[in-house]
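Structure at a glance
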2 protein chains.
Amino acid sequence: MAAKTSSSTKIQTNSRRTAADVGFPTGLHIQIDRSGALGIRAQLEAALREAIQQSRLQPGATLPPSRTLAIELGIARSVVVEAYGQLAAEGYLEAFQGSGTRVRRRDVRTPSRAPALTQPAMNMAFTTGLPDPAFFPRKEWLRAYRAAVDESSATALGFPDPQGRVELRVALGDYLARVRSVRSSPEQVVICNGISQALMVVCRALHARGTERIAVEDPCFALHRRLIAACGMQPVSIPVDEHGLVISRVREARVDAVLVAPAHSYPSGAVLSPARRVELAEWATRQDALIVEDDYDAEFRFDRTPVGALQGLAPENVVYAGSVSKVLNPSLRLGWMVAPQRLVRDLIGAKLLYDMATESLGQLALAKFIEAGSLARHIRRVRPRYRARRDLLLLALAKRAPELKLLGAMAGLHLFLPLPNGVRERDVILAAKEDGLRVEGAARHWAEPASAPPAVLVGYGVLGEGTLDADVDALVSAIRGT
Amino acid sequence: MAAKTSSSTKIQTNSRRTAADVGFPTGLHIQIDRSGALGIRAQLEAALREAIQQSRLQPGATLPPSRTLAIELGIARSVVVEAYGQLAAEGYLEAFQGSGTRVRRRDVRTPSRAPALTQPAMNMAFTTGLPDPAFFPRKEWLRAYRAAVDESSATALGFPDPQGRVELRVALGDYLARVRSVRSSPEQVVICNGISQALMVVCRALHARGTERIAVEDPCFALHRRLIAACGMQPVSIPVDEHGLVISRVREARVDAVLVAPAHSYPSGAVLSPARRVELAEWATRQDALIVEDDYDAEFRFDRTPVGALQGLAPENVVYAGSVSKVLNPSLRLGWMVAPQRLVRDLIGAKLLYDMATESLGQLALAKFIEAGSLARHIRRVRPRYRARRDLLLLALAKRAPELKLLGAMAGLHLFLPLPNGVRERDVILAAKEDGLRVEGAARHWAEPASAPPAVLVGYGVLGEGTLDADVDALVSAIRGT
């Protein structure tokens, strides 16, 4: 029985008789496996299709008459007829009255050779903006996801809502009010795939209303400047100093909107001062301008309680944007906006264009994760661990290179390290790379990278297990050029 | 002990002495819960912040001196000082040398009233394009997701790859070759959030290369026409007849690209004929034009084996787009493109702009789901059930209204129902809606809805449990106007 199911018939159509009779080119094999895993007709179709695709059966070639091939293969003639019909419907074959079935002639290109898949093997230490994958609360996340799947009703698995699942919007409203002092109702929340998509959505909605210029911090996260331009808007760079974005320059810039990360400007690490927070909120209110608040890592504030969101000060003029990318993991692609009610419909419309909606089961899982207190618990658990890593890194750097200045250590998951006079960013990055270290240059985050003060960014979300000393040695050597 | 942890101090600051002393307005209550769930300082901050946000503490109001409030609340003075400091940092309060702490004056708008959340309660029967949520293979999906979370390595939870997880790209390559005759290598696959995002990604990439006009079927899925316009391109409408898209008109249209659903045009249900498939592939090759193949529901072909993808005929000139939206569920937002190698880099760049990447865990789950054979098994399981539903619906309609013509029944999850002479689409939709039935009009899918032949779309992916007869009665009555 075992022998029978694995038996197969192998037809070499380049045998003299068959080749002559049916016009098959040299080297075509059709092999039928009778074990039943795949139907005989499907096998025959697949073999012929592949032969045509790989040009082993050339355009114009005549196929054997169905009766002949059926006998060769020891299968029913009707199966061959059906297979020919299927391939004719797909455009591979054509039937001619009286002259049989041929491979259709067509003038198409064959695929070019693809480059090989590569998997870069880098040390993840010092990567900026990445929380430690090892901290991801797999068990608790899985529990929440399972509950989401178990309870998912017909509506949860119907067409997804472009605004996002109401369960998550409700859970976020409570959470953000408690943790970030954000004022919202579930109607004001729009779920999206992270903060960068939130920015795309906001920019599309603003652009459609005639907004052309949006102020951005200089430096700011470089991708954001590209996203703004991709929406047809102009990013207007405004300097950041030690008190954060310089609001007086915003006022002069004749913009209708401003993108800012008040809790922790990227990459400089500056925190917007209390006076400037109020100044910015008042400017927006007077001008009826919009503040897009990028609250990407405010949960990780180490030396004091996180400063509440700017949104709470001016909810009618702020679109607040946050995500789980830093507190949980960026691979989840779950983020949110809290917007003034008058903008919500336009934001939903823009989100619909980009991808209809964010996937539902992850949203439902996050809602359960938040409601179970797992998110708050997770943050309480990892915040001291990140602080400890930061302290270790600061200590190691101070010991080896006391001459280096480090900025932005109050919050987030990275340090801003201005380079000593005469040291070029590019040289440091390349030297670090030779030691397998991924160190990010800061220049690209400036509007004018060429004139940016040389600096590198050193992430501490992920530090090598037991390799901190060696990694810091390598970093210091890269900076000193030794 | 229980009594102790739940004890609380309630300070009514509108008591005469306190109100006079501290300048708090009438009605402000600060309540400290000592059970320890939330820190005392956090509670105090939250109470003050909320009072300011809700204007119970007006701008300019002086807060009690920290010593006074500490005594009132029975807490340490340092806690009050810290809370005031925190709220000052957030911009809610300001401290004046010698004159205490006041609520910051600021000129901001208060939120407008939001509309109530509504949950429409419609019968889901006849909804077009929706597979039955009850068929979703929860147990198998969850098993795949759990395996994905358990095995997710550091890289799987690192920054997501804009091209998509290699595990899924490999699994899809095998699956699509087997089931859809798509020719690809994993380097040619780009993961996205469904077919509509694929179209946005392709259009952005094409537009950046200077493509201005893309041919679309008339009728075609209405959203796609909007997406194309949103990318700054012009959709050029080409008629669809009973053999599918009229290729001779494509040739005349001077376009560089064409969007087509060869296996099952939406909403007409037309299948592109073998001759036209070849004609289209040859046109694209000669013109070096691009075919975007929308393969949204080809797995559901009922009267014969699904026709293989057009991509197999001309892989160098086709971007093939598919998703799990019809075969599994649209709420998963998982789709893919298979593109000629020369376009892949641009597609990845466009995908990065839209949302960095598709979420990873769902991708890994789908890879496992495919590799375990669960997807093929699921399709084998549900296809006969959808066919049975279609047959039931056809039978019920034929019995009650033999005069009605029905098109597009060979495949997919919906029928195209041209309305009898003189019957208006709008009237039918409204009459059906009064019976709680969601029937979709076809007009909006035409380039010129006003001159579209009146028709409605009747989905059978979801049919009411035991209500088919009543639903069909209601539909027929709506059409007959009785």
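Above this text sits the structure in question.
These figures come from a predicted structure and were not determined experimentally. (Residues numbered from 1 in each chain as written. Chains lettered and ligands numbered in written order. Predicted model: local features only at pLDDT ≥ 70, side-chain atom pairs only at ≥ 80, totals over all residues. Heavy atoms only, no water.)

**Things to note about the overall build of chain A**
- Of the regular secondary structure elements, chain A holds 16 helices and 15 strands.
- By residue count, 59% of the 482 residues in chain A fall in the buried class.
- In chain A, the proportion of contacts linking residues at least 24 apart, taken out of those at least 6 apart, comes to 73%.
- As displayed, chain A has an accessible area near 19,000 Å², and 51% of this comes from carbon and sulfur atoms. (Helix = DSSP H or I, 4+ residues; strand = E, 2+ residues; numbered from the N terminus. Buried < 20%, exposed > 50% of the residue type's maximum accessible area, 1.4 Å probe, protein only. Contact = heavy atoms within 4.5 Å. Areas by Shrake-Rupley, 256 points an atom, 1.4 Å probe, with all protein chains shown as cover.)

**Quick notes on the packing of helix 3 (residues 40-53) of chain A against helix 5 (residues 77-89) of chain A**
All names here are of chain A.
- For the pair helix 3 and helix 5, the least separation of the axes is 9 Å and the interaxial angle reads 45 degrees. Regarding the angle of helix 3 to helix 5, the classification is oblique. Regarding helix 3 and helix 5, the two cross each other, and that crossing is right-handed. Across the interface between the two elements, Ile40, Arg41, Leu44, Glu45, Leu48 and Arg49 of helix 3 pack against Val79, Val80, Glu82, Ala83, Tyr84, Gln86 and Leu87 of helix 5. (Axes fitted to C-alpha atoms, helices over the stretch in contact; angles between N-to-C directions. Parallel < 35°, antiparallel > 145°, perpendicular 65-115°, else oblique. Left-handed = near helix turned anticlockwise from the far one by under 90°.)

**Some points on helix 8 (residues 195-208) of chain A**
All names here are of chain A.
- Given a rise of 1.5 Å per residue, 14 residues ought to cover 20 Å, and the 20 Å separating the end C-alpha atoms of helix 8 matches this to within 8%.
- Counting buried residues along helix 8, 12 of its 14 residues qualify, which places the element largely inside the surrounding structure.
- Of the positions making up helix 8, those classed as buried are Ile195, Ser196, Gln197, Ala198, Leu199, Met200, Val201, Val202, Cys203, Arg204, Ala205 and Leu206. (Expected span 1.5 Å × (residues − 1).)

**Regarding the interface of chain B and chain A**
- Contact with chain B, which involves 100 residues of that partner, is made by 100 residues of chain A.
- Of the roughly 8,700 Å² buried between chain B and chain A, counting both surfaces, carbon and sulfur atoms make up 58%.
- Our enumeration of links across chain B and chain A arrives at zero salt bridges.
- Summed over the shared surface of chain B and chain A, the result is 27 residue pairs in polar contact (both at pLDDT 80 or more).
- For the side of chain B that touches chain A, a count of residues per class yields 46 nonpolar, 27 polar and 27 charged. (Buried area = accessible area lost by both parts, 1.4 Å probe. Salt bridge = Lys/Arg side-chain N within 4 Å of Asp/Glu carboxyl O. Polar contact = N/O pair within 3.5 Å; in protein donor to acceptor, adjacent residues only side chain to side chain. Nonpolar A, V, L, I, M, F, W, Y, C, P; charged D, E, K, R; others polar.)

**Here we look at the sheet that holds strand 6 (residues 213-218) of chain B**
All names here are of chain B.
- What the eight strands build is an open sheet, ordered 5-12-11-10-9-6-7-8; its pairing is mixed. Of all the strands in the sheet, the pair left with one neighbour each is strand 5 (189-192) and strand 8 (244-245).
- Here strand 6 runs beside strand 7 (residues 234-241); their pairing, made up of six bridges, is parallel. Bridge pairing in strand 7 places arginine 213 opposite glutamine 234.
- Together, strand 5, strand 9 (257-260), strand 10 (290-294), strand 11 (318-323) and strand 12 (335-338) form the strand contacts of helix 8 (residues 195-208), whose direction differs from that of strand 11 by roughly 155 degrees. (Pairing = 2+ DSSP bridges.)

**Considerations on the side chain of B:Thr211**
- Among the structural elements, B:Thr211 can be located in the loop between helix 8 and strand 6.
- Beyond its immediate stretch of four places on either side in the chain, B:Thr211 contacts B:Leu206, B:Met233 and B:Asp256.

**A few points about the relation of the copies chain B and chain A**
- For the pair chain B and chain A, the superposition axis carries a translation of 0.0 Å, the fit reaches an RMSD of 0.1 Å, and the rotation angle comes to 180 degrees. Considering both components of the superposition, the chain copies are consistent with a two-fold axis. The rotation axis passes nearest to the C-alpha of B:Tyr354 in chain B, at a distance of 3.4 Å.
- Taken together, the interface assignments show that 100% of the residues at the interface of chain B recur at the interface of chain A, consistent with an identical surface on both copies. (Least-squares fit on C-alpha atoms with pLDDT ≥ 70 in both.)

**A look at the environment of B:Ala289**
Residue and element names in this part refer to chain B.
- In this structure, alanine 289 sits in the loop between helix 11 (274-287) and strand 10.
- Once the C-alpha coordinates of alanine 289 and valine 255 are considered, the two residues, 34 residues apart in sequence, prove to be 7.8 Å apart.
- Excluding its chain neighbours within four sequence positions, the residues that come into contact with alanine 289 are Asp256, Trp283, Ala284 and Asn317.

**Section: the pairing of strand 6 of chain B**
Residues and elements named next belong to chain B.
- Burial analysis of strand 6 places five of its six residues in the buried class, which makes it a mostly covered element.
- Handedness of the β-α-β unit built from strand 6, helix 9 (residues 222-230) and strand 7 comes out right-handed.
- For strand 6 and strand 9, the ladder comprises three bridges, and the chain directions are parallel. Bridge assignment links alanine 215 to a residue of strand 9, and that residue is valine 258. (Right-handed = clockwise from strand over helix to strand, strands pointing away.)

**Overview of the sheet that holds strand 15 (residues 455-459) of chain B**
Residue and element names in this part refer to chain B.
- Pairing is antiparallel in the open sheet, where three strands are placed in the order 13-15-14. Every interior strand has two partners, whereas the edge strands, strand 13 (414-418) and strand 14 (440-441), have only one.
- Where helix 14 (residues 374-400) meets the sheet, its contacts fall on strand 13 and strand 15, and the angle it forms with strand 13 comes to roughly 25 degrees.

**Description of the nonpolar core**
- Counting 226 residues, the largest nonpolar core has A:Phe126, A:Trp141, B:Phe126 and B:Trp141 as the members making the most contacts within it.
- A:Met200, A:Ile214, B:Leu199 and B:Leu347 belong to the second largest nonpolar core, which has 88 residues in total. (Core = buried A, V, L, I, M, F, W, Y, C linked by side-chain atoms within 4.5 Å.)

**Regarding the pattern of salt bridges**
- Enumeration according to the criterion identifies 49 salt bridges over all chains in this entry.
- The partner of A:Arg389 in a salt bridge is A:Asp132, with the nearest N and O atoms 2.8 Å apart. In this pair, A:Arg389 is assigned in helix 14 (residues 374-400) and A:Asp132 in the loop between strand 4 (100-103) and helix 6 (138-151), connecting sequence segments 257 residues apart.
- By relative accessible area, A:Asp132 is classed as buried at 10%.
- B:Asp218 is the salt-bridge partner of B:Arg225, the closest N and O atoms lying 3.6 Å from each other.

**A word on unusual backbone geometry**
All names here are of chain A.
- Residue proline 267 is bonded to the preceding tyrosine 266 through a cis peptide linkage, with omega at 0 degrees.
- Even without a glycine there, the phi angle at phenylalanine 126 is positive, about 75 degrees.
- The residue phenylalanine 126 is located in the loop between strand 4 and helix 6 in this model.
- On the accessibility criterion, phenylalanine 126 (0% relative accessible area) is buried.

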